[in-house]
Amino acid sequence: MKIDSKNRSIVNIVGAPFVVFSVLYNQYSFYFLIFSIILFSLYEYINLIKSNSKITFLNLFVGFLWVSSIALFLPLYESENIPKIFILIIFISVWMTDSAAFVMGKKFGKRKIFPSVSANKTWVGSISGLVFSILFLVTIYFNFDKVWPEDFRLSDIIFIGFITGLFSQFGDFLESYFKRKLGVKDSSNLLLGHGGFLDRFDSMYAVSFATYFYLFLSGYYG
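A short tour of the structure in this document, coming up.

Cut-off values and rules
- Residues numbered from 1 in each chain as written.
- Predicted model: local features only at pLDDT ≥ 70, side-chain atom pairs only at ≥ 80, totals over all residues.
- Heavy atoms only, no water.
- 1 Å grid on protein atoms, 1.4 Å probe; cavity = no way out; pocket = protein on both sides within 12 Å on 5 of 7 lines; lining within 4 Å.
- Points joined across faces, edges and corners; volume = space filled by probe spheres on them.
- Helix = DSSP H or I, 4+ residues; strand = E, 2+ residues; numbered from the N terminus.
- Nonpolar A, V, L, I, M, F, W, Y, C, P; charged D, E, K, R; others polar.
- Contact = heavy atoms within 4.5 Å.
- Salt bridge = Lys/Arg side-chain N within 4 Å of Asp/Glu carboxyl O.
- Buried < 20%, exposed > 50% of the residue type's maximum accessible area, 1.4 Å probe, protein only.

1. With respect to the layout of surface pockets
If you roll a probe as big as a water molecule over the atoms, it shows you where there is empty space left.
Turning to step 1, where the next piece is worked out: Looking at the second largest pocket, its volume works out to about 210 Å³.
Turning to step 2, where the next piece is worked out: Taken together, Y45, I49, S53, N59, V62, G63, W66, L174, Y177, F178, K181 and L182 make up the full set of residues lining the second largest pocket.
Turning to step 3, where the next piece is worked out: Of all the elements in the fold, those that place two or more residues in the lining of the second largest pocket are α2 (27–52), α3 (57–68) and α7 (154–182).
Turning to step 4, where the next piece is worked out: If one sorts the elements of the lining of the second largest pocket by residue count, α7 sits on top with five residues.
Turning to step 5, where the next piece is worked out: Residues of the lining of the second largest pocket, tallied by class, amount to eight nonpolar, three polar and one charged.

See below:
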């Protein structure tokens with residue numbers, strides 16, 4: 001299928017509402033979302049390795065750990081102390097980070113962070129993504145109740161903002177490095193005009209890992 005602005009827009013129009021629905025509807029829709037992301041991401045990972053390198057037990061194991069880390073959202077989702085909408089807020093905060101980093105970096109960014117890994121990412125964009133992530137969560141904190149784990153404080157909100165703002169970009173850089181080493185631009189064309197599942201959810205792998213362990217170590221989960 002030819003990729004153009006029309007079918008790219010289809011992914012925009014359908015994708016975000018599908019994620020929102022999957023998170024908020026019930027546990028089965030959320031499990032379906034998470035396992036679909038893992039399966040398609042693993043398919044892309046194996047296909048990229050097979051086509052551009054050599055499959056070994058080690059790189060299969062590392063790849064599985066990488067993409068399956070998003071499953072750490074599942075026990076958080078099942079926790080009675082963590083509202084379901086909290087998971088959705090994490091997703092939205094990551095989207096805010098990515099969007100702010102792209103827009104601000106493209107408009108004002110000049111100095112590149114790691115041009116050998118990702119040619120378009122700038123310091124201005126990266127810092128803007130972090131700031132917007134924190135501001136978004138703080139705004140939600142002061143305007144909406146019952147969307148946070150019980151006894152969540154402002155300091156926790158800011159820390160989660162750092163997680164979504166920093167680890168999302170770390171995940172993005174990690175995937176960019178992986179693709180650069182294999183000499184490819186996108187992980188696939190499954191998501192018309194948006195690359196593949198690895199391209200769209202690379203940030204979430206790192207964020208889910210960091211969010212889980214922050215909530216666990218700080219006593220909000222477990």
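2. Here we look at the side chain of S208
Turning to step 1, where the next piece is worked out: By the secondary structure assignment, S208 is in helix α8 (residues 197–217).
Turning to step 2, where the next piece is worked out: Setting aside residues up to four positions removed in sequence, S208 forms contacts with S69, I70, L72 and F73.

3. Quick look at the pattern of salt bridges
Turning to step 1, where the next piece is worked out: Evaluation of the coordinates by the stated rule reveals four salt bridges.
Turning to step 2, where the next piece is worked out: The salt bridge involving R153 is made with D156; its shortest N-O contact spans 3.9 Å.
Turning to step 3, where the next piece is worked out: Exposure remark for R153: the relative accessible area of 47% places this residue in the partly exposed category.
Turning to step 4, where the next piece is worked out: Bridged by salt links that share partners, the residues E175, K179 and D199 form one connected network.

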